[in-house]
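Structural features, examined
Single-letter residue listing:
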Amino acid sequence: KACAANGKHVFCEKPIATDLAETVEAINEMNEAGLKLMTGLQRRFDQNFIRVKKAITDKEVGDTIIVKLCSRDPGPPPFEYVKGGGGIFNDMAVHDLDMTRFLVGEDPIDIMAIGSCHIDKSIEVLDGSEAFDTASCIVRYPGGVKAMVDVCRQSSYGYDQRAEVLGTKGMIATDNVYPNTARLYKTDFTGNADMPYDFFLQRYNEAYVTETIAFCESLVNDTPVPCTGEDGLVALVMSIAADMSAAENRWVKFSEVVNSVYCSTPTECELVAQSDVFPEGFRPASDATELLVPDVDAQKEGKEARSGWKTRVAKFLRKNK
């Protein structure tokens, strides 16, 4: 918000904010100021995932049926990191949830998530999904496409980051990234000579550089940012819905999470429960994009229809003349 007030373009690591209402406010502050906002979801810039996306877009594997992603860290973080971090869906699985949306190319419908603790029993005293070090999700997309995500805070064999897409004409999958291609052949072992990269900064070093360059090029050439504030908002909605699903042991529609945000103006929002306190005909949005005013690039292209704000306000004013 301070950057918007001072005319500064922003490249922000996810999450933009951990509070959903504050996230909407921050994005709209930037959009209303006519400034660029790019969310840092670095896996979208990793060459492995980009190649999988190309296979889907070019129909190399036919129509998508199932997307699978796994994310397993080499070792659990300290207790102090987990406490107050928002839980495993928010601080870890959010990248994988966003990647399912990136690969499928559509907005998700609903999610079922579960979690448990197997590695670091000390975190079991924490609240909600902060007590989980292992979790799984199923996300349903339009057309019956399903995405499956599994995450774990410990992998004894290194940093495990893989993707698989099954289509009607084939399958594409990625392997882990190793520091070299050397393989060892012995009487009792055949395989990679060394373990996969064991830290995300090594594994995604090229992706971090690529996304930074992409942001700079967007500023220099005045082109749309490749990962928008809207992308960051939807990723947060997905992680919150996963958390809700695990807590309540049920399928959760993503629209339920969006419904919890009420904005009297684009930059004045709050989290509320659905009730009859709202004026008739002016309920909270059911789609995350309805909460946002068009970003600077959409404004230049005249895409006001991308935002549901003007439509919803107009309906409200007509109904309450």
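Before going into details, it helps to say that this report is about the structure given with it. (Residues numbered from 1 in each chain as written. Predicted model: local features only at pLDDT ≥ 70, side-chain atom pairs only at ≥ 80, totals over all residues. Heavy atoms only, no water.)

1. Things to note about the overall build of the chain
Definition in use: For the purposes of this entry, the term helix denotes a DSSP run of H or I that reaches at least four residues, the term strand denotes a run of E that reaches at least two, and both are numbered from the N terminus. We take the radius of gyration over the C-alpha atoms and set the globule estimate at 2.2 Å times the residue count to the 0.38 power. Whether a residue is buried, partly exposed or exposed follows from its accessible area with a 1.4 Å probe, protein chains only, as a fraction of its type maximum: under 20%, in between, or over 50%, in that order. Only heavy atoms enter the contact rule, under which two residues are in contact if any of them lie within 4.5 Å.
The number of helices and strands found in the chain is eleven helices and 13 strands. Expected size for 321 residues packed as a compact globule is a radius of gyration near 20 Å; at 21 Å, the chain falls within 12% of this value. Judged by the C-alpha coordinates and their principal axes, the chain covers about 85 × 50 × 45 Å. In the chain, buried positions account for 46% of the 321 residues. The long-range share in the chain, meaning contacts at least 24 apart out of those at least 6 apart in sequence, stands at 71%.

2. Focus: the sheet that holds strand 5 (residues 134-140)
Filter applied, for reference: Two strands pair under a simple rule: DSSP has to find at least two bridges between them. Here the axes come from fitting lines to C-alpha atoms, over the contacting stretch only for helices, and the angles between their N-to-C directions go from 0 to 180 degrees.
On the basis of which strands lie adjacent, the open sheet formed by seven strands has the order 8-7-3-6-5-4-11 and mixed pairing. If you trace the sheet from one side to the other, it starts and ends with strand 8 (170-173) and strand 11 (252-253), each paired once. Relative to strand 5, strand 4 (residues 110-116) is paired through seven bridges, and the arrangement is antiparallel. Bridge pairing links I111 to V139 in strand 5. Packed on one face of the sheet, helix 8 (residues 229-248) meets strand 4, strand 5 and strand 11 and runs near 60° to strand 4.

3. So, the nonpolar core
Formally: In plain words, nonpolar cores are sets of buried Ala, Val, Leu, Ile, Met, Phe, Trp, Tyr and Cys residues tied together by side-chain atoms within 4.5 Å.
F89 and I111 are the most contacted members of the largest nonpolar core, which totals 68 residues. When residues of this core are assigned to their parent elements, the largest contribution, nine residues, is made by helix 5 (residues 88-104). Residues within four places of F89 in sequence aside, it is in contact with V94, A113, I114, S129, F132, A135, C137, S239, A242, D243 and A246.

4. Points about the packing of aromatic side chains
To describe a pair of aromatic rings, you give the distance between the ring centres and the angle between the ring planes. Where we set the bar: The criterion for an aromatic pair is that two Phe, Tyr or Trp rings (for Trp, the six-membered ring) have centres within 6.5 Å, with stacked assigned to planes under 30 degrees apart, edge-to-face to planes over 60 apart and tilted to the rest. Whether a charge lies above a ring is judged from NZ of Lys or CZ of Arg, which has to be within 6 Å of the ring centre and within 35 degrees of the ring normal.
In the structure shown here, the tally under the stated rule is four aromatic pairs. Note on F200 and Y208: the rings are 6.4 Å apart at their centroids and 65° apart in plane angle, and the pair reads as edge-to-face. Members of the aromatic cluster, joined through ring pairs, are F199, F200 and Y208. Taking the ring centre of W251 as reference, the NZ or CZ of R140 above it sits at 3.7 Å. Directly above the aromatic system of Y204 lies the positively charged group of R203, at a separation of 4.3 Å from the ring centroid.

5. Some points on the state of the cysteines
Note: disulfide means a covalent bond formed between the sulfur atoms of two cysteine side chains. Operational definition: Note on terminology: pairs of cysteine sulfur atoms within 2.5 Å are recorded as disulfides.
Going through the model one piece at a time under the given rule, you end up with one disulfide. Covalently, C263 is tied to C269 through a disulfide, its sulfur atoms 2.1 Å apart. Between C263 and C269, the S-S dihedral sits near 105°, and the bridge is therefore right-handed. Residue C263 shares its accessibility class with C269, and that shared class is buried. Looking at C70, it has no disulfide partner, and the nearest cysteine sulfur is the one in C152, 10 Å off. Cysteine C137 remains unbridged, with the sulfur of C70 as its closest cysteine sulfur at 13 Å.

6. Observations regarding a nonpolar patch on the surface
This is how it is decided: For patches, a residue must show more than 30% relative accessible area and have no salt bridge; joins then use 9 Å for like charges and 5 Å for nonpolar side chains, namely Val, Leu, Ile, Met, Phe, Trp and Tyr. Using a 1.4 Å probe, accessible areas were evaluated by the Shrake-Rupley method; residue-level cover was limited to the displayed protein chains. Think of a salt bridge as a Lys or Arg side-chain nitrogen and an Asp or Glu carboxyl oxygen that are within 4 Å of each other.
On the surface, I65, L166 and M171 cluster together into a nonpolar patch covering about 250 Å² of accessible area. Tracing the chain through its elements places L166 in strand 7 (residues 160-167). With relative accessibility at 35%, the residue L166 sits in the partly exposed group.

7. Brief notes about the packing of helix 3 (residues 47-57) against helix 5
We count it as follows: By the convention adopted, Pro, Cys, Tyr, Trp, Phe, Met, Ile, Leu, Val and Ala count as nonpolar, Lys, Arg, Asp and Glu as charged, and the other residues, Gly among them, as polar.
The N-to-C vectors of helix 3 and helix 5 enclose an angle of 35°; their axes lie 9 Å apart at closest approach. From helix 3, F49, V52, K53 and I56 reach across to helix 5, where they touch M99, F102 and L103. Across the contact of helix 3 with helix 5, the residue classes tally to six nonpolar, no polar and one charged.

8. Examining the packing of helix 5 against helix 8
Here is the rule: If an angle is under 35 degrees, it is roughly parallel; if it is over 145, roughly antiparallel; if it lies from 65 to 115, roughly perpendicular; otherwise it is oblique. With the far helix as reference, a near helix turned anticlockwise by less than a right angle produces a left-handed crossing, and one turned clockwise produces a right-handed crossing.
Running from N to C, helix 5 and helix 8 cross one another at 120°; their axes reach a closest spacing of 8 Å. In terms of axis orientation, helix 5 runs oblique to helix 8. Both helix 5 and helix 8 take part in a crossing whose hand is right-handed. Together, F89, N90, V94, L97, D98, T100 and R101 of helix 5 and E230, D231, V234, A235, L236, M238, S239, A242, D243 and A246 of helix 8 make up the contact between the two elements.

9. Points about helix 7 (residues 205-221)
Definition in use: In this scheme, a helix's expected span is set at 1.5 Å multiplied by one less than its residue total. As used here, the arc belongs to the directions running from the helix axis to the C-beta atoms.
Along its 17 residues, helix 7 runs 24 Å from first to last C-alpha, staying within 8% of the 24 Å computed at 1.5 Å per residue. Those residues of helix 7 that fall on the buried side of the exposure criterion are A207, E211, A214, F215 and S218. Viewed along the axis of helix 7, the buried residues span an arc of 95°, placing them on a single side of the element. Helix 7 presents E206 and V220 as exposed residues on the side facing more than 90 degrees away from its buried surface. Elements that come into contact with the buried residues of helix 7 comprise strand 1 (10-13) and strand 2 (37-40). One or two steps after helix 7, the chain reaches D222, where phi turns positive at roughly 55°.

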